[in-house]
Amino acid sequence: MKSPHFSMLIPLLFAALVSLSSASSPQDDFIHCLSLHSNDSSSISRVIYTPNNSSYSSILESTIRNHRFSTPDTPKPLVIVTPSTASHFQATIFCSRKHGLQIRTRSGGHDYEGLSYVSEVPFVIIDLVDFRSVDVDVDVENRVAWVQSGAVLGELYYRIAEKSRTLAFPGGVFHTIGVGGYLSGGGFGLLFRKYGLAADNVIDAQLIDVSGRILDRKSMGEDLFWVIRGGGGGSFGIVLAWKLNLVPVPATVTVFTVSKTLEQDAIKLIHCWQYIAHELPDEIYSVVSLNRVLNSSEDGKKTVQASFSSLFLGGIDELVPLMQERFPELGLVKEDCIEMSWIESILYFGQIQNESLEILLDRNFRTPVNSPSYKVKSDYVKEPIPENGLRGLLSRFSEEEAQSAVIAFFAYGGIMDEIPETATPFPHRAGNLYKIFYNVGWQEKDNSERYISWARRVYRYMSSFVSKSPREAYINYRDLDIGTNNKGNTSYAQASIWGRKYFKNNFDRLVHVKTRIDPQNFFRHEQSIPPFVFLLERK
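Residues numbered from 1 in each chain as written. Predicted model: local features only at pLDDT ≥ 70, side-chain atom pairs only at ≥ 80, totals over all residues. Heavy atoms only, no water.

*Asks:* Please clarify how the packing of aromatic side chains should be interpreted in this entry.
*Replies:* For any pair of aromatic rings, geometry is given as the distance between the ring centres together with the angle between the planes. Applying the stated criterion across every chain, the model contains 29 aromatic pairs. Each ring, one from tryptophan 273 and one from phenylalanine 409, has its centre 6.3 Å from the other, and the planes form 35°; the classification is tilted. Pair noted here: tryptophan 273 is in helix α11 (residues 266–276) and phenylalanine 409 is in strand β17 (residues 406–411), with a separation of 136 residues, a long-range link. By relative accessible area, tryptophan 273 is classed as buried at 2%. Arranged with centres 6.0 Å apart and planes meeting at 65°, the rings of tyrosine 502 and phenylalanine 503 form a pair that is edge-to-face. Neither residue differs from the other here; tyrosine 502 and phenylalanine 503 are each classed as buried. Aromatic rings pair up to connect Phe188, Phe192, Tyr285, Tyr348, Phe349, Tyr380, Phe410 and Tyr412 into one cluster. Above the face of the phenylalanine 188 ring, lysine 435 is positioned so that its terminal group lies 3.3 Å from the ring centre. Directly above the aromatic system of tyrosine 459 lies the positively charged group of arginine 471, at a separation of 3.5 Å from the ring centroid. (Phe/Tyr/Trp six-rings, centres within 6.5 Å; stacked < 30°, edge-to-face > 60°. Helix = DSSP H or I, 4+ residues; strand = E, 2+ residues; numbered from the N terminus. Buried < 20%, exposed > 50% of the residue type's maximum accessible area, 1.4 Å probe, protein only. Lys NZ or Arg CZ within 6 Å of the ring centre and 35° of its normal.)

Now the structure itself:
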C-alpha cells in the first residue's frame, strides 16, 4: 500500500514538471509579445531573427563596420527585428519595455564604439535595413527630400542626382553611413562651411517615442525637434524619417590633393595652413590628412605625408588664382586640379573615384580607408599649434602601431562662425580653427590594446594644444574613453563628464527634454542622455 504522503506528492510533481516544460525564455516571451501586439502578426514574423534562424548571423554581421565589436566574446542580441512598417517599431518598443530588454537601433552600423549593435545587458537590435525609402521633390519651390532613417547617404545622394545635378545635401563623404545615426549626431561633411551641418538642414521629422506615438515636428514641439538634430542617437526615441532641405551647387566643382612629406617641409605648410584655412571663402572645404608612407627618394625609409585636399564650388580658373593668393606656399597649379560634378566629388573624397555612381547604392561596400578594426578620437583647435608641437605629433607616426593610422585636420570657419552654438545640440561653431580626427587601425588578429594605447598616448600629448574646460569632442566620433554612464542609474555629475565635451552647455537642455519625454530612461546606452530622475545625487 502506497504512503498517503507519496500520493499527495504526485500532483505536486506533475505540476512542477508542467511548469518546467512550459517555462519560456525571455526571447520566447518577447517574440510571443510581438505577435500579440503587431497589427499583422504574420508580417512581423517575417522580420524577426533569433540565433536559431539561419539568417541571424549574416544580418547581425552585415553592417558591423568595426571588427573590434565582432568577436566571439562580443555580446549578441536576443533578437534582431528589421521593421518594414511603423507598427513593427511600436510593437518592438512595447514588448522590449514589458520584458525588460534594451533596444539598440542600427541604421548604417558606423557607431565607432558599436553602441548601435552591442550592449552589456540583454537587448534587441532594431536594424533599419528594410526601412530606407528616399522621396526627392525637386520642384523649384520645394527642393526637399524625405528619407527614412535606414537609408545610407549614398542612396540619398544618388536619388538626388537622378533628379538634379545642381542640387545636393550637405552630408558626409562615406556613402555607407546610415542617415539616421548621422543626422542624430549633427552630421559633418563637404558643404558644411557653406551650408552648415546636415542637421542644420533638417526641416521636419517623424519620431516614435517611448509610448509608441508617431510625432512630426508640429506634434513633438520645438524642444524635441531641437534635441533630435544633434543630441545623439539612442536617447529620445527612434526617428523614422527626416525631411531635408536641399541646397544649390554649381554644375561644375573642383577638387585637388597636394601631398608633401616631412622632407618637403610638410610641417611648415601645416603650420601655415592653420592661419589660412578657416578664413578661406565659404565655397572651399579644406582638410589636411596625415599618414605614414615610404619615402620615394630613400629606399625603404618611412616618412610622414601631409595631403592637402579641397573641394571648391566652382571651376579651376577661379580656384587656382584664389589659392595662389591666399596660400601661395602650397604651390597649387592647374594640373593639380580636377573638375567634376558634386556627386562625383563624393566618390573622389571617398577614394572610390574609379567606380561608377551605382557604387553609392551598395550599402554593404567596405571602404578602403578604414582597417578592419579601429579606434577613433576627436579634438577641436582654437589656436594654431606651434611647429614644435606639430613636429611632436608627427613623430608619433614612427611608432610601430601607427602603420595604419590617419590624423585629419578639418578647417572650420565659413557659415559655422555665424550659427549660434545653441541652434542645435551640436555646439562646436564659432571660435574653432579646425577639428581633429584621430583614427588608428589594425588587422583582426593583432592585439587591439596596443593600438588603442597608441591613440590614447597621442590624445594625451595633444592636450595642451586643443580646447579646454571642456576638452571638446564630436558626438559622431563616439569615444567611450571620455566617460560613460553606469549600467544602472547615472549621476548628473558623472553624465556631465562626457556630456559637456560633446554638447557644452547644451547638455542641460538635452537632460531637461529627456526628463519630459522618457523619464524612466528606457532609451539608454553607455553615453545616452539621462533624465533628472536618475540624476539625483545621494546626500
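Back to the text.
*Asks:* Help me understand the pairing of strand β13 (residues 284–294) in this model?
*Replies:* As a general feature of sheets, a regular strand has side chains that alternate between the two faces. The buried fraction of β13 amounts to 8 of the 11 residues, a majority that puts the element mostly inside the structure. Examined bridge by bridge, β13 and β17 share 4 bridges and lie antiparallel to one another. Bridge pairing in β17 places serine 289 opposite alanine 408. (Pairing = 2+ DSSP bridges.)

*Asks:* Can you help me understand unusual backbone geometry in this one?
*Replies:* In this structure, the amide linkage connecting serine 469 to the following residue, proline 470, adopts the cis form with an omega of 5°. Note that proline 470 resides in the loop between α15 (448–461) and α16 (492–503). Phi at arginine 143 takes a positive value of approximately 50°, unusual for a residue other than glycine. Relative to the assigned elements, arginine 143 resides in the loop between β5 (134–137) and β6 (144–148). The class of arginine 143 is partly exposed, set by a relative accessible area of 32%.

*Asks:* Can you walk me through the side chain of serine 235 in this structure?
*Replies:* Structurally, serine 235 is set in the loop between α10 (222–227) and β10 (238–245). By relative accessible area, which is 1% here, serine 235 ends up buried. A distance of 2.9 Å separates the side chain of serine 235 from the backbone nitrogen of isoleucine 529, its partner in a polar contact. Those residues in contact with serine 235 that lie beyond four places of it in its chain are Lys514, Asp518, Phe523, Ser528 and Ile529. (Polar contact = N/O pair within 3.5 Å; in protein donor to acceptor, adjacent residues only side chain to side chain. Contact = heavy atoms within 4.5 Å.)

*Asks:* Would you mind going over the environment of serine 107 with me for this structure?
*Replies:* Positionally, serine 107 belongs in the loop between β3 (102–106) and β4 (123–127). Spatially, the C-alpha atoms of serine 107 and alanine 402 are 30 Å apart, while their sequence positions differ by 295 residues. Those residues within four positions of serine 107 in sequence are excluded, and the remaining contacts are Leu128, Ser149, Gly150, Gly178, Val179, Gly180, Gly181 and Arg363. A distance of 3.2 Å separates the side chain of serine 107 from the backbone nitrogen of glycine 181, its partner in a polar contact.

*Asks:* Looking at this structure, how should I read the sheet that holds β3?
*Replies:* Picture the strands of a sheet paired through backbone hydrogen bonds; they go either parallel or antiparallel. With mixed pairing, 4 strands are arranged side by side in an open sheet as β1-β2-β4-β3. Each end of this open sheet is capped by a strand with a single partner; those strands are β1 (48–49) and β3. Its contacts with the sheet put helix α2 (residues 26–37) on β1, β2 (79–81) and β4, and the angle it makes with β2 is roughly 25°. Lying on the sheet, helix α5 (residues 86–98) is in contact with β2, β3 and β4; it crosses β4 at an angle near 170°. (Axes fitted to C-alpha atoms, helices over the stretch in contact; angles between N-to-C directions.)

*Asks:* Just checking my understanding: could you explain helix α17 (residues 506–517) for this structure?
*Replies:* Turn by turn, an α-helix covers 3.6 residues, leaving residues three or four places apart pointing in a common direction. Here α17 is 12 residues long and its end C-alpha atoms lie 17 Å apart, about the 16 Å a rise of 1.5 Å per residue gives. Listing the buried residues of α17 in full gives Asn506, Phe507, Leu510, Val511, Val513, Lys514 and Ile517. Here the buried residues of α17 occupy an arc of 170° about the axis, which is enough to place them on one side. Turning to α17, the residues buried within the fold contact α10 and α16. (Expected span 1.5 Å × (residues − 1). Arc of directions from axis to C-beta.)

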